[in-house]
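The residues making up each chain are set out below.
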Amino acid sequence: MAAYDRVFALWPQPREEFDVETATATTRVHAYRPHPDGAPVVLLTGAGGNAAVWFPHVAALAGDGPVYGIDMPGDANPSVPRAPMTPPASCAAWLDELLGKLSGRPAHLVGFSYGGWVAMNQAIRAPGRVASITLLDPAGLTRPDARFYRWLTISGLATLTPMPLRRRLARWLDNPAMLQPELMTLMWAAIRGYRMEPKFPGVLTDDELRAIDVPALLITGARSAMLTPAQARVRGSLMPSAEVAIVPGSHGGFNRIDELNDRIAAFIKAHTTDKQTA
């Protein structure tokens, strides 16, 4: 938790932190609200993580409305699950209730990796409170193969090397996040000090993807070990209102953060609506 607090110091200030009670969890939420009355942007993190990792994106996405970073119950953070979060129906029910308590307006969901699956699952099962989904190298479009697990192993070992060598490995792996010491300390503290709920989301079917009719922006890194550019274009084309973008980077981190933030912010602004949820 000390490592967790140090990374949150990198968020833009003033940052609010509070818990939201739902039927199946107590969920820690982090808020940055320079424009509290606009359409909310809700950040959903990859498996095993927490909302601290979003610090390079928060300010850029808060131009028109509040930004909320969600600590997924069952991962290394203060959220407390009272039931499993991984069943698709349970996950959608939890997030639908949470979104209703955060705002009366539909939310723009931005999800990375497993958080991308959470966003797609929500758009399929409970889209009423969803204005759009932005998917950053999401899980659930393909089944991870040996290439992904090889990347995961090499990247993990690389974070333990001295910084001069780590800089070279970060360039080779196309993973600038490895150079952020606070993030690496938090990652290893979570691995050693927290027993996380395993998350292995199933691959969404073609029909499930066709059922996603909210606006979608699918972004993958050109060197992603999770989702190749070709796979992104094929699977993204099944979503009726999806844009697909290939950007520099790998699954572990995106390069050119400012350009990425500008693209996400423009997409969200284009699809902001005054429609109220039921």
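Residues numbered from 1 in each chain as written. Predicted model: local features only at pLDDT ≥ 70, side-chain atom pairs only at ≥ 80, totals over all residues. Heavy atoms only, no water.

## Comments concerning the overall build of the chain
Selection rule: Comment: elements are numbered from the N terminus, with helices defined as DSSP H or I runs of at least four residues and strands as E runs of at least two. In this description the radius of gyration comes from C-alpha coordinates, and the expected globular size is given by 2.2 Å times residues to the power 0.38. Contacts between residues were defined by any pair of non-hydrogen atoms, one from each residue, lying within 4.5 Å. To be clear on the numbers: accessible area is Shrake-Rupley with a 1.4 Å probe, and residue cover counts the displayed protein chains and nothing else. The charge count treats Lys and Arg as positive and Asp and Glu as negative. His and the chain ends do not count. Note on charges: their place is set at NZ of Lys, CZ of Arg, CG of Asp or CD of Glu.
Of the regular secondary structure elements, the chain holds 9 helices and 11 strands. In terms of overall dimensions, the chain is globule-like: its C-alpha atoms have a radius of gyration of 17 Å, near the 19 Å expected for 278 residues. The C-alpha extent of the chain, read off along each of the three principal axes, is 55 × 40 × 35 Å. The contacts in the chain between residues at least 6 apart in sequence include a share of 76% that link residues at least 24 apart. Here the chain displays about 12,000 Å² of accessible surface, and carbon together with sulfur accounts for 57% of that area. When the 27 basic and 25 acidic side-chain charges of the chain are each reduced to a single mean position, those positions are 7 Å apart.

## Focus: the pairing of strand S1 (residues 16-21)
Condition: In this description, strands pair whenever DSSP reports at least two bridges between them.
When S1 meets strand S2 (residues 25-32), the two strands line up antiparallel, connected through 6 bridges. Paired with Glu17 across the strands is His30, a residue of S2. Between S1 and S2, which pair antiparallel one after the other, the connecting turn spans 3 residues.

## Regarding the pattern of salt bridges
Worth spelling out the cut-off: When a carboxyl oxygen of Asp or Glu lies within 4 Å of a side-chain nitrogen of Lys or Arg, that pair is called a salt bridge. Classification of residues uses two cut-offs on accessible area relative to the type maximum, computed with a 1.4 Å probe and protein chains only: under 20% is buried, over 50% is exposed, and between them is partly exposed.
One pass over the structure, following the stated rule, counts 10 salt bridges. Of the charged contacts in the structure, one is a salt bridge between Lys269 and Asp64, with a shortest N-O distance of 3.3 Å. Of this pair, Lys269 sits in helix H9 (residues 257-270) while Asp64 is found in the loop between strand S3 (41-44) and strand S4 (67-70), placing the two residues 205 residues apart along the sequence. For Lys269, a relative accessible area of 54% gives the class exposed. Judged by relative accessible area, Asp64 falls into the partly exposed class, the value being 46%. Glu97 is the partner of Lys101 in a salt bridge, and the nearest nitrogen-oxygen pair spans 3.9 Å. Linking Lys101 with Glu97, this pair stays in helix H2 (residues 88-102), spanning 4 residues, or about one helical turn. By relative accessible area, Lys101 is classed as exposed at 52%. Sharing partners across several salt bridges, the network here consists of Arg15, Glu17, Asp19 and Arg28.

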